[in-house]
Amino acid sequence: MSEGDTPLPVPLVRSAVAGMLSAALALGIGELAAGISNRLESFVVAVAGVIIDGAPGGVVRASIETLGTAQKTMLLVGVTLGTLGVGVLAGFAARRSPTLAVALFVVFGSLGAWAVSREPLTSTGLSWLVGGVAVTAGAITLVRAPLGIVRTDSDREDPRNTYANRRQFLGWATGMSVAAGALTGVGRVMLADGSVGKARDRIVLPDPVRISLPTTTTGPTTTTGPTSTNPSSATRTIEATGLSPYLTPNEIFYRIDTALSVPMIDPATWSLSIEGLVAEPYRLGFDDLLTMDLVEHTITLCCVSNEVGGSLVGNATWTGVPLKTVLQRARPLPHAEQVMARSVDGFTAGFPLGRVSDGRTALLAVGMNGEPLPIVHGFPARLVVAGLYGYVSAVKWLERIRLTSWENNDGYWIPRGWAKEAPIKIASRIDVPRGGRVSAGIQPVAGVAWSPMSGIARVEVSVDGGPWQACELGKTVGGEAWVQWLFRWAAEPGRHSIVVRAIGNDGTVQPSVPVDPAPDGAEGHHLVSVTVT
């Protein structure tokens, strides 16, 4: 550069775009690597996992209560935007010091590599190698970005130079955008490899052993028909538009877990270890499970974060091997007190060993509503324990069952403020109407109620604080499944409030005083307000 030459000042927007695209390129490399190797997690997912693990229990509870099933998506979006924001800061730093910009990439790239390396299924060495490649690519891309053209002062104001400079940067930015998008897209496609799904589709579950359970009702029902002892034959007997079906379809069954990316597990290589305080630890594979006597039970599962009237509850028919059978083979030692289960992604949950043999259904489940477990619901095998909230029992993508003592052995959520013993509380919900306006005349008020383990004896509604009035109940199989209910309301014009409560077969009346979900489940009556015209 000759004397008098000066660089054209770099616009802030150009610096920001260059930093953001450099960070996007680094993320794209991580996505591609995760797609190629099943021993790697993407940077975004891994960092989000660190945030979840480190967040105070109250923050996690608030996010679930506020965002529900969208919690994970919002977290992943937030991590992505945060990473791009760091790239913007690096772009600003590059205006004054390329060394500072590179340092920012190294620091945050190291954080990403460390987050990936701590994932249970990943390779530590490969994690750091990919992190190094991503950091190097991002830093070099930023440092060499065409942010300005050096020329003489006499050329400084020439619009042709300004145009050429802008055109060069736009061409670079377009190329980097395509590169980052392509890397990410290819990685996502490879992560969505359908081999596990195809393996699942080829599975034919053996016919389960039929368990004779009574189809029960209490009080008047809306329809009559033959009684069946086949749990899977229990069908909806109450008809009301908007009422939850008796069996929740797999595709809309709620999903709350800590897995930010769904584990893809080949059933041909999967195995489960039974260990801990047992005399004969052993392992069994998926084919081993299918050769055992499978049973079928209809069971309601509920998330402890479910608010009064919330949707984080569902009823399904589960197929599997009784957990008692699986554990007896290992011969539990006399001082074994707790079943501590672990998922392939490191999640753990524990419940008292006595719950396996106290009369409730506890399954090592392989099927859901007549088909192999959906991948998002724990394929190839998971735990289903009637009457316990999922956070202490319903471990998906099961890898290990370890029998332990009760003290000093806590599952994932216990140190985060949730109760260690977590029986599902009696509850009821109004599905119809959910508020808004209805016409005067006879209107259906309908919903579902559950009380594992006793089952529901009665459901009652109160309109505008009036007396409790009995509802019609649908059929249900055993006390572990929810029941549909219906009240025929003579609606009169005006604004009205409707409240529901349930009474269990053991005499338990659903509490009316509101209680937050933390630490052991919500309480209170579900209320809806309706305008009748």
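Here, the structure is the one placed above.
Residues numbered from 1 in each chain as written. Predicted model: local features only at pLDDT ≥ 70, side-chain atom pairs only at ≥ 80, totals over all residues. Heavy atoms only, no water.

Draft legend 1. Layout of the layout of surface pockets. Reported here for the second largest pocket is a volume of approximately 370 Å³. Along its surface, the second largest pocket is lined by 21 residues, and L27, T83, F108, G109 and G112 are the ones closest to its centre. Those elements that provide at least two residues to the lining of the second largest pocket are α1 (12-36), α2 (43-54), α4 (71-96), α5 (98-117) and α6 (124-143). Taken together, the residues of the lining of the second largest pocket sort by class into 15 nonpolar, six polar and no charged. (1 Å grid on protein atoms, 1.4 Å probe; cavity = no way out; pocket = protein on both sides within 12 Å on 5 of 7 lines; lining within 4 Å. Points joined across faces, edges and corners; volume = space filled by probe spheres on them. Helix = DSSP H or I, 4+ residues; strand = E, 2+ residues; numbered from the N terminus. Nonpolar A, V, L, I, M, F, W, Y, C, P; charged D, E, K, R; others polar.)

Draft legend 2. Layout of the packing of aromatic side chains. Inspection of every chain in the model, using the stated rule, returns seven aromatic pairs. Seen from their ring centres, F347 and Y412 are 5.6 Å apart, and the 50 degrees between their planes marks the pair as tilted. With F347 in the loop between β8 (338-343) and β9 (348-352) and Y412 in the loop between β13 (398-404) and β14 (427-432), this pair connects stretches of sequence that are 65 residues apart. Pairing Y412 with W413 gives two aromatic rings, centres 5.0 Å apart and planes at 85 degrees, and the pair type is edge-to-face. You'll find Y412 and W413 in the same group, each marked buried. Taken together, the ring pairs in this structure connect F253, Y254 and W318 into an aromatic cluster. The positively charged end of R329 is found above the aromatic ring belonging to Y282, 3.9 Å away from the centroid. Over the ring of Y412 we find R416, and its NZ or CZ is 3.8 Å from the ring centre. (Phe/Tyr/Trp six-rings, centres within 6.5 Å; stacked < 30°, edge-to-face > 60°. Buried < 20%, exposed > 50% of the residue type's maximum accessible area, 1.4 Å probe, protein only. Lys NZ or Arg CZ within 6 Å of the ring centre and 35° of its normal.)

Draft legend 3. Spatial organisation of the nonpolar core. Of all hydrophobic cores here, the largest spans 103 residues; its most connected members are I274, W318, L323, L327, Y391 and I401. Ranked by residues supplied to this core, first place goes to α2 with seven residues. The contact partners of I274, leaving out residues within four places of it in the chain, are P281, Y282, L284, V326, L327, A330 and I401. One finds I426, A449, V459 and C471 within the second-largest nonpolar core, a separate group that totals 22 residues. (Core = buried A, V, L, I, M, F, W, Y, C linked by side-chain atoms within 4.5 Å. Contact = heavy atoms within 4.5 Å.)

Draft legend 4. Quick peek at the sheet that holds strand β23 (residues 526-532). On the basis of which strands lie adjacent, the open sheet formed by five strands has the order β15-β23-β22-β17-β18 and mixed pairing. Either end of the sheet is taken by a strand with one partner, and the two such strands are β15 (436-438) and β18 (469-470). Strand direction decides the pairing type here: strand β17 (residues 456-463) and strand β22 (residues 494-504), joined by seven bridges, are antiparallel. Its bridge partner being in β22, E460 is matched across the sheet by R501. (Pairing = 2+ DSSP bridges.)

Draft legend 5. The side chain of T300, seen in detail. Structurally, T300 can be placed in strand β6 (residues 295-302). Within the structure, the side chain of T300 is placed 2.7 Å from the backbone nitrogen of W482, a separation counted as a polar contact. Other than its neighbours up to four places away in sequence, T300 contacts V313, G314, N315, I424, W450, E480, A481 and W482. (Polar contact = N/O pair within 3.5 Å; in protein donor to acceptor, adjacent residues only side chain to side chain.)

Draft legend 6. Here's a closer look at the pairing of β14. The buried fraction of β14 is high, at six of six residues. Bridge count between β14 and strand β16 (residues 441-450): five bridges; the pairing is antiparallel. The residue of β16 that forms the bridge with I430 is G447.

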